[in-house]
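For reference, the chains in residue letters:
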Amino acid sequence: QVQLVESGGGLVQAGGSLSVSCAASGSIFSINAMGWYRQAPGKQREFVASRTNGGSTNYADSVKGRFTISRGNAKNTVYLQMNSLKPEDTAVYYCNAWRRVGVRDVPYNDWGQGTQVTVSS
């Protein structure tokens, strides 16, 4: 298991920028990727972005070109820089981590408290 603690976020006007951060503890030696999900009120949690230890990234179509995911040197941290924010980006942002099982990356889904991002119009 891993423990994930998110920070950052806040309130910003549409078109603005925010960043969120996440630090993992616990079985961090087994982490192969880290990333972000988000959940808006009344909606299901959705994938936002991920980045492997090797640097491969994956983004949801809705955030491509606006959000940038990065990892810290220690590999147990992940950041999400969000630019050109839209009201529809409003959500609680959750960090996740993946471990390598065979040829697949399997998510831990040990969700933290998340951090609120609110974009006003």
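Preceding block: the structure.
This text gives an overview of the structure that appears in the document.

Conventions used here
Residues numbered from 1 in each chain as written. Predicted model: local features only at pLDDT ≥ 70, side-chain atom pairs only at ≥ 80, totals over all residues. Heavy atoms only, no water. Phe/Tyr/Trp six-rings, centres within 6.5 Å; stacked < 30°, edge-to-face > 60°. Helix = DSSP H or I, 4+ residues; strand = E, 2+ residues; numbered from the N terminus. Salt bridge = Lys/Arg side-chain N within 4 Å of Asp/Glu carboxyl O. Buried < 20%, exposed > 50% of the residue type's maximum accessible area, 1.4 Å probe, protein only.

Turning next to the packing of aromatic side chains. Using the criterion set out here, one finds four aromatic pairs in the structure. Relative to W111, the ring of Y37 lies with its centre 5.3 Å away and its plane at 80°, an arrangement referred to as edge-to-face. Here Y37 is found in strand β4 (residues 31–39), whereas its partner W111 is found in the loop between β10 (104–107) and β11 (115–120), with 74 residues between them in sequence. Ring centres 6.1 Å apart and planes at 75° place the aromatic pair Y94 and W111 in the edge-to-face group. With Y94 in strand β9 (residues 91–101) and W111 in the loop between β10 and β11, this residue pair connects regions lying 17 residues apart in the sequence.

All right, on to the pattern of salt bridges then. This model, assessed by the stated rule, comprises five salt bridges. With its nearest N and O atoms 2.7 Å apart, the salt bridge here joins E46 to R38. The exposure class of E46 is partly exposed, given its relative accessible area of 35%. Here K64 and D61 are joined by a salt bridge, their closest N and O atoms 3.1 Å apart. The partly exposed category is assigned to K64, whose relative accessible area is 49%. Look at the salt bridges and you will find they share partners, linking R38, E46, R66 and D89 into a network.

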